[in-house]
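# Inside the fold
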Amino acid sequence: MGRIFVVELEGRSYRCKYCGTHLALPVDLVSRSFHCRRGKAYLFNNVVNIIIGALEDRAMLSGMHTVADIFCCCCGQIIGWKYEAAHEKSQKYKVGKFVLERGRIVDEMDLSTGVFVDTHSSMSDGEDV
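Because the structure is a prediction, the values reported are computed rather than measured.

Below, the discussion takes up the side chain of threonine 66. Position of threonine 66 relative to the elements: it lies in strand β6 (residues 63-72). Judged by its relative accessible area of 13%, threonine 66 is buried. In terms of polar contacts, threonine 66 uses its side chain to reach the side chain of aspartate 57, at 2.6 Å. Setting aside anything within four residues of it in sequence, one finds threonine 66 in contact with Leu55, Glu56, Asp57, Lys82, Tyr83, Glu84, Ala85 and His87.

Moving on, we come to the environment of lysine 17. Tracing the sequence through the fold places lysine 17 in the loop between β1 (14-16) and β2 (22-24). When the C-alpha positions of lysine 17 and aspartate 107 are compared, they lie 8.8 Å apart, and in sequence the two are 90 residues distant.

Basis of the calculations
Residues numbered from 1 in each chain as written. Predicted model: local features only at pLDDT ≥ 70, side-chain atom pairs only at ≥ 80, totals over all residues. Heavy atoms only, no water. Helix = DSSP H or I, 4+ residues; strand = E, 2+ residues; numbered from the N terminus. Buried < 20%, exposed > 50% of the residue type's maximum accessible area, 1.4 Å probe, protein only. Polar contact = N/O pair within 3.5 Å; in protein donor to acceptor, adjacent residues only side chain to side chain. Contact = heavy atoms within 4.5 Å.

Here is the structure:
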């Protein structure tokens, strides 16, 4: 296995709750109205420092989607999923976008207070628009 190269984002960013690795910028945030099994989730246009898992078809609240779980490249924790395909026309806007589970990420402002939201670990689930 090779060396991991981590992208350092400038300015305020969302980071992995477990190791502090930079994941996304607020400018890439599309929606805060998504939900997963463990609570709130955010939809992003772009994220960095991730490993993309295997594709699977998953029944979600908004219909059937082909998704891949995404993991922090540094600590390996699951942090959300990527939409690879949507089976319903109204859901096509999600394809290529990423969902980060709110309980698995922190905003840089959260890091300064030491307040974290969720500590449950399990696989990602559906969302609610």
